[in-house]
Amino acid sequence: MSISSTSRTRLRLLQIAILILFGVVIARLVQIQILDSQKYREIAQRQYQAKIVLPAIRGSIYDRNGIVIASNSMIVSLAADPMLASEDVRSIANTFSKIFGKPKQYYLQKLHSDSRFVWLERKVNGNFLRKINVKHIEGLVVLQEPKRLYYHEQLAGQLIGCTDIDNKGIAGVELAFDAQLRGKDGYVVFQRDGLGRARPSVDYPRQDPINGHGIVLTIDLNLQAIAEKELKKGIEKNKAEGGIVILLQPKTGEVLALAQYPSINSNDFGDYNLADQKLRAVTDLFEPGSLFKIVTASAALEHDMVTLQKEFFAENGVYVVSAAGGKGRKITDMHKYGWLTFQEAMEVSSNIVMAKVSDLIGSERFYRMSRNYGFGVATNVGFPGEVKGVLKKPVEWSGTTLNSLSFGYEVGVTPIQIAVAYAAVANNGMLMKPYIFAREQAAMGQTVWEAQPEKIRNVISESTAQTLKGLFEGVVERGTGAPAKIPGVRIAGKTGTSRKYIEGRYETGTYTASFVGFFPVEDPQIVCLVMMDNPRGDNYTGGTTSAPVFRAIAEQLLNYIHLFKPIAPMAHVSNNSIPERDLPPKNVHRYRITEEKKARAFEAHSIPDVRGYSVRRAITVLTVGKFQPIVNGSGTVVSQIPTAGQPATEGMKITLVCQPKAVSTLTAR
Amino acid sequence: MFKTHHNHIDILVLIAVLTLMLLSLGIVYSASASYAQARLGDSERVLISHAVKVSLGILGMFIAMQIDYHRLQRLTKFSVIVTVGFLMITLILGGETKGVTRWLRFSNLGFQPSEFAKYALLFHLCALIATKGELIQDFKKGFLPMMFWIGFVTMLVMLQPNFSMGAMIFLLSMVMVFLGRARLSHITLAAVALIPVLIAYMLSADYRRERVMTFLSGGSPAKSNYQLWQGILAFGNGGMFGVGPGESKQREFFLPESYSDFVFSIVGEEYGFIGTMFFMLLFLLIMYRGFRIAKYAGDPFGRNLAIAITSAVTLYALINAGVTLGIFPTTGLPMPFVSYGGSSMVFSACAIGVLLNISSQTDLYPRARQIEVLGSIQPSEATVGKVY
């Protein structure tokens, strides 16, 4: 082999080696860039994008007069980009030092960091924001998150319920109307770089959150306060374990107040024990005792079995009923009576007479009357966890069941069922569906849904109802309900004292003492049920413990002039929530629409300020205010003609000048 | 006996190199802007620096092109001695970057002596091979002296420590020795003697060991090698046609060294498979023309030089591309003419200048060819070209 041929062969080998290398590199390029490209692209896209949730603001809860019961407060975190803030470092440190009371050096040190993001204050009260001129400080980042806030501490805690840490309703109204209150979270897709910094992506539109709707309850907070206060007094006086007050509007079925003792505070709902968290008016069964005589009386009168004057022998307090083939049942009265008219028997609440009357009525009719009053059926008042109660069918009855039922044993009812039944009497025999959800309203105050009073059925004829009213009025005038009497006001009512059924037997000395009544009898406006658990003071009967509470409440309600007003048409708008665009993504400066400005939007006589609103929202606001918006451009409203605050006329044209969001968010107005 | 370069240079090599350099301006700018903005406060800082280096490279290339390569033959030994001197000074005084001393600085100008060492050593080997001729097959008189210089320079570079550069210098040197008709037994002996040294060296530093283990394990690069994984994502994200010039997302701090060692990944992302293929074809063109120049070189030294320069440039490009694609373990080798980095740019460009000078002294591109083809219209001019 010649020298040059060796050399040429070796050169050829080198060239082949290099060409093979080219081939390998190109093959790899084909694999990565063509064959597997899609896979890598997806992985890459994922690391470029970050989806940030813009939380929807949970709707507020109002009482019937528009008073805010639950709303949101803002927790604010403040951060800075030291590079952008470099010129203002001293003034920022000064401002923060003044507001938060930490030494200037603390902030200066943070602001002189090399990082592009430093926290200055985390999770502080949103009110601090008012003191900082956010839009004039370059490089300041404001992050806000809503926190549920209940304004009325102990009031109606079980009724309102609470939300969990994710702002989802988990109890009470918050749970019952979670779907309406929650809204829909929005999101913004960010482009992210390798350092984790993000900026809004131009490829994906920002999805604004849809804020939750407000819920207006039929509850009147003033009545609620009165009920809770008087219940508490009564319970303390009678050394009871707990109690319930229900106030109903009999003509409509609106629940005006639902008080429960021990009360709880929705702001720290979870700290209370489970038994106290329940809204017992709908979740707990009790044996109604004499309150259930409404069924006995209704059935007897409706079917003409008795007249008020018909006399019955009360057996001097003890009456043994012999059941077919079984052991007898001893029925006792609290006091010994001889002959009583039906009216008198009701007034003194004679169990023996009621048992005798029930024999006249018969099982079928008695059962049907019970069902017609709504016993054994959930009222669907609008609360989670409502139970339907226990009302056995006649085929399941024993020989003495009918007699027991006639004075309210062997039946389980909820307090709300009792209140609703008496409301039917007050409403001339028409049973109304009780409700607490009066209206759902959108963020701007427009009504989305409104409850209408709902008739269920005519339980008794109007004449029977009138007779019953007289009967129950007599109970208060002359009978066991006398402690409820208020001079000059016609009050009808019924007492109930039932032994508590605990662990399979009736405990002597453990009573549920109750009173239910309505007034004024000539045109009933309020049904009020008062129940006490196990009063251990000197008194234990419904008449002596609960009836005085009823009276105390009624006395105050008579002075409560708003009582008979319908639910207020809302002009009232939540202003405790921050508009969604004020939940800023990182590094984007946003400003806050002040409450005043928002509120101004709803004054009909002047032009609202819609600058800073999205076009869609501005149009909504103006349309609601009966203006005629003319849109110029798209995105966010940057100016409007004529300007806000000027006197307005209906149908006035308002020209909106808009710019795309990215621009307007950076130009503070 | 020296021929003056009165013929044309290989214009395709020049065009290929200039194209790479000009494209690199756009790519380095795109790849570096975010980094420069964030870290240096000026998005164009790296671009300007790179443009200066490209200009210096072009200048160096044209100067080298004008120098008759034969004059280099007498300078090679001196260059290697200077190189050794530089490398030793670097080891003692060099500026540290990331724990390694690869830089020699004069005031604010710095360069990597190893880049110079590479060409100085290769050139010297070319000269030795050319002058020794048959003597190279003699172990003592031919092989050992070459291995002395190779070993010495390689060792100094590796001590910096710059393993990849040392390995490349060694590889290219051995290629020259191989092509210089050294006995295979000698080369095998040298290789066998070196293996334990290399392995010991590889495992001596944690980061080298880790890289090697990662590569050998063949596992998902995502977990163990963030940089490589991000580089591959860049290629994949580019797909067939790329995301478009200046649209790279990987440069946004996902891919470290996106404008230097991993610049090819950004090419792949922004210009897609089309772009990477174009770059590969340019290097393929340089290789083809380079070996063609070698073939037609007028003397052994020129031939050796042409082979050395062509091999150095194409192998560097291929190994850099291979690293970014995960074919080779991750090392810090730049892609010639494309990566940001002054030493590589200037010395590679100068080497291409030498190659072009060689090309001008071949008979490939005679100035008078046109006349020759057309016939002897002006015979006086036809004699200018050397037509046999």
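Higher on the page you've got the structure.
Everything quoted here is computed from the prediction, not taken from an experiment.

Peer 1: Could you clarify how one ought to interpret the overall build of chain B in this entry?
Peer 2: For chain B, the count of helices and strands is 16 helices and three strands. Expressed as a percentage of its 388 residues, the buried residues of chain B come to 56%. The long-range fraction of contacts in chain B, counting pairs at least 24 apart against all pairs at least 6 apart in sequence, stands at 73%. Of the roughly 16400 Å² that chain B leaves accessible, carbon and sulfur atoms contribute 67%.

Peer 1: How should I be thinking about the packing of helix H5 (residues 113-132) of chain B against helix H13 (residues 300-324) of chain B in this particular structure?
Peer 2: In a pair of packed helices, the angle between the axes and the distance between the axes together describe the arrangement. All names here are of chain B. Where H5 contacts H13, the two axes come as close as 8 Å, and the packing angle between them is 150 degrees. Note on packing geometry: the crossing formed by H5 with H13 is right-handed. Seen from H5, the contacting residues are Glu115, Lys118, Tyr119, Leu122, Phe123, Cys126, Ala127, Ile129 and Ala130; seen from H13, they are Pro300, Phe301, Asn304, Leu305, Ala308, Ile309, Ala312, Val313 and Tyr316.

Peer 1: It is not clear to me how the interface of chain A and chain B should be interpreted in this structure. Could you clarify?
Peer 2: Think of interface size as the accessible area that goes away when the parts come together; that is how it is often given. Contact residues are listed per partner, giving 34 residues for chain A and 46 residues for chain B. Of the roughly 3800 Å² buried at the junction of chain A and chain B (both faces included), carbon and sulfur atoms supply 73%. On the chain A side of the contact with chain B, Arg10, Phe22 and Gln33 of chain A bury the most area, a combined 19% of that side's loss. In this assembly, chain A and chain B are joined by zero salt bridges. Here chain A is connected to chain B by eleven residue pairs in polar contact (both at pLDDT 80 or more). Sort the elements by how many residues they give to the side of chain A that touches chain B and helix H1 (residues 3-35) of chain A lands first, with 20 residues.

Peer 1: How do you make sense of the sheet that holds strand S24 (residues 628-632) of chain A when you look at a structure like this?
Peer 2: Across a sheet, strands are paired by hydrogen bonds formed along the backbone, either parallel or antiparallel in direction. All names here are of chain A. One open sheet accounts for three strands, arranged S24-S26-S25; its pairing is mixed. Looking along the sheet, the strands with just one partner apiece sit at the ends: S24 and strand S25 (636-641). Strand-to-strand twist in this sheet, taken as the mean axis angle between neighbours without regard to direction, amounts to 30 degrees. Summarising the sheet, S25 and strand S26 (residues 653-659) pair through five bridges and their orientation is antiparallel. Note on S26: the bridge partner recorded for Ile641 is Thr655.

Peer 1: Hey, could you run me through the packing of aromatic side chains in this one?
Peer 2: Residues and elements named next belong to chain B. What the rule picks out here adds up to 26 aromatic pairs over all chains. Aromatic side chains Phe86 and Phe116 sit 6.4 Å apart centroid to centroid with 75 degrees between the ring planes, which places their arrangement in the edge-to-face category. Residue Phe86 is located in helix H4 (residues 76-93), and its partner Phe116 is located in helix H5; the two are separated by 30 residues in the primary sequence. Accessibility expressed as a relative area gives 22% for Phe86, which makes it partly exposed. By relative accessible area, Phe116 is classed as partly exposed at 23%. On the basis of an interplanar angle of 70 degrees and a centroid distance of 6.3 Å, the ring pair of Tyr119 and Phe123 is categorised as edge-to-face. Taken together, the positions of Tyr119 and Phe123, both in helix H5 and four residues apart, correspond to about one turn of that helix.

Peer 1: Could you clarify how one ought to interpret helix H19 (residues 542-558) of chain A in this entry?
Peer 2: It helps to recall that an α-helix has 3.6 residues per turn; residues three or four apart then point in one direction. Residue and element names in this part refer to chain A. The terminal C-alpha atoms of H19 lie 22 Å apart, and with 17 residues this matches the ideal 24 Å at 1.5 Å per residue to within 8%. Most of H19 sits out of view: twelve of its 17 residues are buried. The complete set of buried residues in H19 reads Gly542, Gly543, Thr545, Ser546, Ala547, Pro548, Val549, Phe550, Ala552, Ile553, Ala554 and Leu557.

Peer 1: For this particular structure, what's the right way to read unusual backbone geometry?
Peer 2: Backbone phi values are negative for most residues with the exception of glycine, while trans is the configuration of most peptide bonds. Residue and element names in this part refer to chain A. Cis peptide bonds are those with omega within 30 degrees of zero, and the linkage from Tyr261 to Pro262 qualifies with 5 degrees. Tracing the backbone shows Pro262 in the loop between strand S12 (255-261) and helix H10 (274-277). Pro520 follows Phe519 through a cis peptide bond whose omega is -20 degrees. A positive phi is found at Glu315, a non-glycine position, where the angle reads about 60 degrees. With respect to the element layout, Glu315 can be found in the loop between strand S13 (311-313) and strand S14 (318-321).

Peer 1: Explain the pattern of salt bridges here, please?
Peer 2: Where charged atoms of side chains with opposite charge meet at close range, the side chains can pair. All names here are of chain A. Taken as a whole, this structure holds 23 salt bridges over all chains when the rule is applied. Ionic pairing is found between Glu121 and Lys102, a salt bridge with its closest N-O pair at 3.0 Å. With Glu121 in strand S4 (residues 118-125) and Lys102 in the loop between helix H4 (89-100) and helix H5 (104-111), this residue pair connects regions lying 19 residues apart in the sequence. On the basis of relative accessible area, Glu121 is assigned to the buried category, the value being 7%. Under the relative-accessibility criterion, Lys102 is labelled partly exposed at 29%. For Arg148, the salt bridge identified is with Glu174, shortest N-O distance 2.7 Å. Here Arg148 is found in strand S5 (residues 140-150), whereas its partner Glu174 is found in helix H7 (residues 172-176), with 26 residues between them in sequence. A residue is classified by how much of its surface remains accessible, and Glu174, at 0% relative accessible area, is buried.

Peer 1: For this particular structure, what's the right way to read the nonpolar core?
Peer 2: A general tendency of soluble globular proteins is for nonpolar side chains to be buried together. Among the nonpolar cores identified, the biggest contains 122 residues, and Val153, Phe264, Met280, Phe283, Phe337, Ile352 and Val354 of chain B are the most heavily contacted of them. Among residues more than four places away in sequence, those in contact with Phe264 of chain B are Leu29 of chain A together with Phe235, Thr276, Phe279, Met280, Asn320, Ala321, Thr324 and Met335 of chain B. The next biggest cluster of nonpolar side chains, apart from the first, holds 89 residues, and it includes Ile219, Ile294, Met369 and Val420 of chain A.

Conventions adopted
Residues numbered from 1 in each chain as written. Chains lettered and ligands numbered in written order. Predicted model: local features only at pLDDT ≥ 70, side-chain atom pairs only at ≥ 80, totals over all residues. Heavy atoms only, no water. Helix = DSSP H or I, 4+ residues; strand = E, 2+ residues; numbered from the N terminus. Buried < 20%, exposed > 50% of the residue type's maximum accessible area, 1.4 Å probe, protein only. Contact = heavy atoms within 4.5 Å. Areas by Shrake-Rupley, 256 points an atom, 1.4 Å probe, with all protein chains shown as cover. Axes fitted to C-alpha atoms, helices over the stretch in contact; angles between N-to-C directions. Left-handed = near helix turned anticlockwise from the far one by under 90°. Buried area = accessible area lost by both parts, 1.4 Å probe. Salt bridge = Lys/Arg side-chain N within 4 Å of Asp/Glu carboxyl O. Polar contact = N/O pair within 3.5 Å; in protein donor to acceptor, adjacent residues only side chain to side chain. Pairing = 2+ DSSP bridges. Phe/Tyr/Trp six-rings, centres within 6.5 Å; stacked < 30°, edge-to-face > 60°. Expected span 1.5 Å × (residues − 1). Core = buried A, V, L, I, M, F, W, Y, C linked by side-chain atoms within 4.5 Å.

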